[in-house]
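# Structural features, examined
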Amino acid sequence: MKHQDVKSILNSHNIKATRQRVEIYKVLQNSQQCLSADEILQLLKTQNLNIDLATVYRNLELFVQNGIAVKSTINRKHFFEIKKSSHHHYFVCIKCNAKAEIVDCKINLIEEELNKMNFKILDHNLEVYGICDKCCGREE
């Protein structure tokens, strides 16, 4: 994604497009999975960007507050990604912490049952824990 395109996206969400914000956005946009602030910081450091963890956190929270990123809690740790049109969940490997997106959420089936009992879902979070293919052969 071009630098100018990212600036336009940030500006359209009333976020001043500083160099640090543009680079954080690009890291999120280029990732195939959600990332922790620490992971984002490490990727930014490989680009020789002078930034600290507190700045990364502040900007990620700004992105979330302005609707361009979402924050997920997986195994009690926060992860961030660019907001997609639909919600999604993750499988987490308990050995290597690899994350894989669960594409087809069946929350609508649960919601129908809860509606019958006069409950309304406001939010939900689903984490599935197990062992990924790569770790299956590595028993300790």
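- Named according to an unreviewed UniProt entry, the protein chain is Ferric uptake regulator, Fur family originating from Caldicellulosiruptor hydrothermalis.
- Looking at the Sequence similarities (unreviewed entry) heading of the UniProt record, one finds this comment for the protein chain: "Belongs to the Fur family."

### Some words on the packing of helix α2 (residues 19–30) against helix α3 (residues 37–45)
- It is the contact of α2 with α3, at a shortest axis distance of 10 Å, that shows an interaxial angle of 110°. Classed by the angle they form, the pair α2 and α3 counts as roughly perpendicular. As α2 runs across α3, the sense of the crossing is right-handed. Side by side, α2 and α3 meet where Glu23, Ile24, Val27 and Leu28 of the first sit next to Ile40, Leu43 and Leu44 of the second.
- Class assignment for the residues of the contact of α2 with α3 results in six nonpolar, no polar and one charged.

### Some remarks on the UniProt feature "binding site: Zn(2+)" (unreviewed entry) in the protein chain
- If you check UniProt for "binding site: Zn(2+)" (unreviewed entry), the listed places come out as Cys93, Cys96, Cys132 and Cys135 in our numbering. Maximum C-alpha separation among the annotated residues is 8.2 Å over a sequence range of 43 residues, consistent with a single clustered spot.
- Position of Cys96 among the secondary structure elements: in the loop between β3 (89–93) and β4 (99–102).
- Tracing the chain through its elements places Cys132 in the loop between β5 (127–130) and α6 (133–136).
- Overall, Cys132 belongs to the buried group, its relative accessible area being 14%.

### A word on the pattern of salt bridges
- This model, assessed by the stated rule, comprises three salt bridges.
- Of the charged contacts in the structure, one is a salt bridge between Lys26 and Glu23, with a shortest N-O distance of 3.6 Å. Here Glu23 and Lys26 lie together in helix α2, a separation of three residues that amounts to about one turn.
- Taking the relative accessible area as the measure of exposure, Glu23 reaches 12% and is therefore buried.

Rules used throughout
Residues numbered from 1 in each chain as written. Predicted model: local features only at pLDDT ≥ 70, side-chain atom pairs only at ≥ 80, totals over all residues. Heavy atoms only, no water. UniProt positions renumbered as here; feature names shortened; annotations may be inferred. Axes fitted to C-alpha atoms, helices over the stretch in contact; angles between N-to-C directions. Helix = DSSP H or I, 4+ residues; strand = E, 2+ residues; numbered from the N terminus. Parallel < 35°, antiparallel > 145°, perpendicular 65-115°, else oblique. Left-handed = near helix turned anticlockwise from the far one by under 90°. Contact = heavy atoms within 4.5 Å. Nonpolar A, V, L, I, M, F, W, Y, C, P; charged D, E, K, R; others polar. Buried < 20%, exposed > 50% of the residue type's maximum accessible area, 1.4 Å probe, protein only. Salt bridge = Lys/Arg side-chain N within 4 Å of Asp/Glu carboxyl O.

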